[in-house]
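The primary structure of each chain is shown beneath.
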Amino acid sequence: MPMKQLDATVSNFDTVFEKFRSEAPNNKANLILFLADKDPSTSLSWCPDCVRAEPVIYKKLETGADDVALLRAFVGDRPTWRNPQHPWRVDSRFKLTGVPTLIRWENDTIQGRLEDHEAHLENKIDALVAGK
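Residues numbered from 1 in each chain as written. Predicted model: local features only at pLDDT ≥ 70, side-chain atom pairs only at ≥ 80, totals over all residues. Heavy atoms only, no water.

**Observations regarding the overall build of the protein**
Step number 1: Across its full length, the protein holds five helices and seven strands.
Step number 2: When the helices and strands of the protein are listed from N to C terminus, the series reads β-α-β-β-β-α-β-α-α-β-β-α.
Step number 3: Relative to the compact-globule value of 14 Å for 132 residues, the protein shows a C-alpha radius of gyration of 14 Å, a close match.
Step number 4: Structurally, the protein occupies a C-alpha span of about 35 × 25 × 25 Å along its principal axes.
Step number 5: Across the 132 residues in the protein, those meeting the buried criterion constitute 45%.
Step number 6: Of the accessible surface of the protein, which amounts to about 7,000 Å², a share of 51% is contributed by carbon and sulfur atoms. (Helix = DSSP H or I, 4+ residues; strand = E, 2+ residues; numbered from the N terminus. Rg over C-alpha atoms; globule rule 2.2 N^0.38 Å. Buried < 20%, exposed > 50% of the residue type's maximum accessible area, 1.4 Å probe, protein only. Areas by Shrake-Rupley, 256 points an atom, 1.4 Å probe, with all protein chains shown as cover.)

Next up, the structure:
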């Protein structure tokens with residue numbers, strides 16, 4: 001099966017997250033990728049770590065044989081993300097400190113995560129998807 005992808009922003013996250021959670025039991029792996037918005041002037045993410053990690057993550061997930069769901073959660077522009085009160089920084093479920101952050105979501109909780117400095121490493125992505 002191909003990768004199932006949902007996209008969310010801060011403003012519509014709760015609605016999209018509920019859909020993601022309701023479909024989670026049907027998938028081998030459920031992942032949430034918190035990442036920076038694209039800069040409208042360049043069409044690239046304002047976050048260099050996201051630019052480096054995104055293609056690697058997508059390639060690994062698209063070539064896998066398992067049913068994987070990916071919820072891409074866009075944190076906003078740089079000033080929005082830098083706010084210490086950003087909703088996903090203070091949310092007790094996620095406690096984000098950087099982007100990109102790739103989370104394995106299972107049984108309605110975080111079962112593993114890759115932070116910004118490691119989210120581009122293929123072996124770590126494989127292990128996260130496999131639940132190891």
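Picking up where we left off.
**As for helix 2 (residues 48-63)**
Step number 1: Look at helix 2: 24 Å from first C-alpha to last across 16 residues, which is about the 22 Å you get at 1.5 Å a residue.
Step number 2: Most pronounced at Glu54, the bend in helix 2 amounts to some 25°, and the proline Pro55 follows within four residues.
Step number 3: Every buried residue belonging to helix 2 is among Cys50, Ala53, Glu54, Val56, Ile57, Tyr58, Lys60 and Leu61, and all of these are buried.
Step number 4: Buried residues in helix 2 make contact with strand 2 (29-35), strand 3 (38-39), strand 4 (44-45), strand 5 (68-74), strand 6 (101-106) and helix 5 (122-130). (Expected span 1.5 Å × (residues − 1). Bend = angle between axes of the 7 residues up to and from the residue. Contact = heavy atoms within 4.5 Å.)

**As for the nonpolar core**
Within soluble globular proteins, side chains that are nonpolar generally end up buried alongside one another.
Step number 1: Counting residues in hydrophobic clusters, the biggest one holds 41 residues, and the most contacted among them are Ile32, Phe34, Ile57, Phe94, Val99 and Leu102.
Step number 2: Residue assignment for this core shows that the elements contributing at least two residues are helix 1 (13-23), strand 2, helix 2, strand 5, strand 6 and helix 5.
Step number 3: Setting aside residues up to four positions removed in sequence, Ile32 forms contacts with Phe17, Phe20, Leu71, Ala73, Phe94, Thr101, Leu102, Ile103 and Trp105. (Core = buried A, V, L, I, M, F, W, Y, C linked by side-chain atoms within 4.5 Å.)

**A short note on the packing of helix 2 against helix 5**
Step number 1: Contact geometry of helix 2 with helix 5 gives a least axis separation of 10 Å together with a crossing angle of 45°. Our classification of the angle between helix 2 and helix 5 gives oblique. Our pair here, helix 2 against helix 5, has a crossing hand that is right-handed. Contacts between helix 2 and helix 5 involve Val56, Ile57, Lys59, Lys60 and Leu61 from the first element and Glu122, Ile125, Asp126 and Val129 from the second.
Step number 2: Looking at the contact of helix 2 with helix 5 residue by residue, the classes come out as five nonpolar, no polar and four charged. (Axes fitted to C-alpha atoms, helices over the stretch in contact; angles between N-to-C directions. Parallel < 35°, antiparallel > 145°, perpendicular 65-115°, else oblique. Left-handed = near helix turned anticlockwise from the far one by under 90°. Nonpolar A, V, L, I, M, F, W, Y, C, P; charged D, E, K, R; others polar.)

**Observations concerning helix 1**
Step number 1: Among the residues of helix 1, Phe13, Val16, Phe17 and Phe20 are the ones counted as buried. In a view along the axis of helix 1, the buried residues occupy a sector of 100°, so they form one face of it. Every exposed residue of helix 1 that faces more than 90 degrees away from the buried side is listed here: Asp14, Thr15 and Ser22.
Step number 2: Buried-residue contacts for helix 1 involve strand 1 (4-9), strand 2, strand 5, helix 4 (87-90) and strand 6. (Arc of directions from axis to C-beta.)

**Here's the deal with the sheet that holds strand 7 (residues 109-114)**
Step number 1: Within the open sheet, the five strands sit side by side as 1-5-2-6-7. Their pairing is mixed. Of all the strands in the sheet, just strand 1 and strand 7 have a single pairing partner and so form its edges. Adjacent strand axes in the sheet meet at a mean angle of 25° when their direction is disregarded.
Step number 2: Taken together, the five bridges between strand 6 and strand 7 define a ladder with antiparallel strand orientation. By the bridge assignment for strand 7, Glu106 is matched with Thr109.
Step number 3: Against the sheet, helix 1 contacts strand 1, strand 2, strand 5 and strand 6, and its axis sits at roughly 155° relative to strand 1. (Pairing = 2+ DSSP bridges.)

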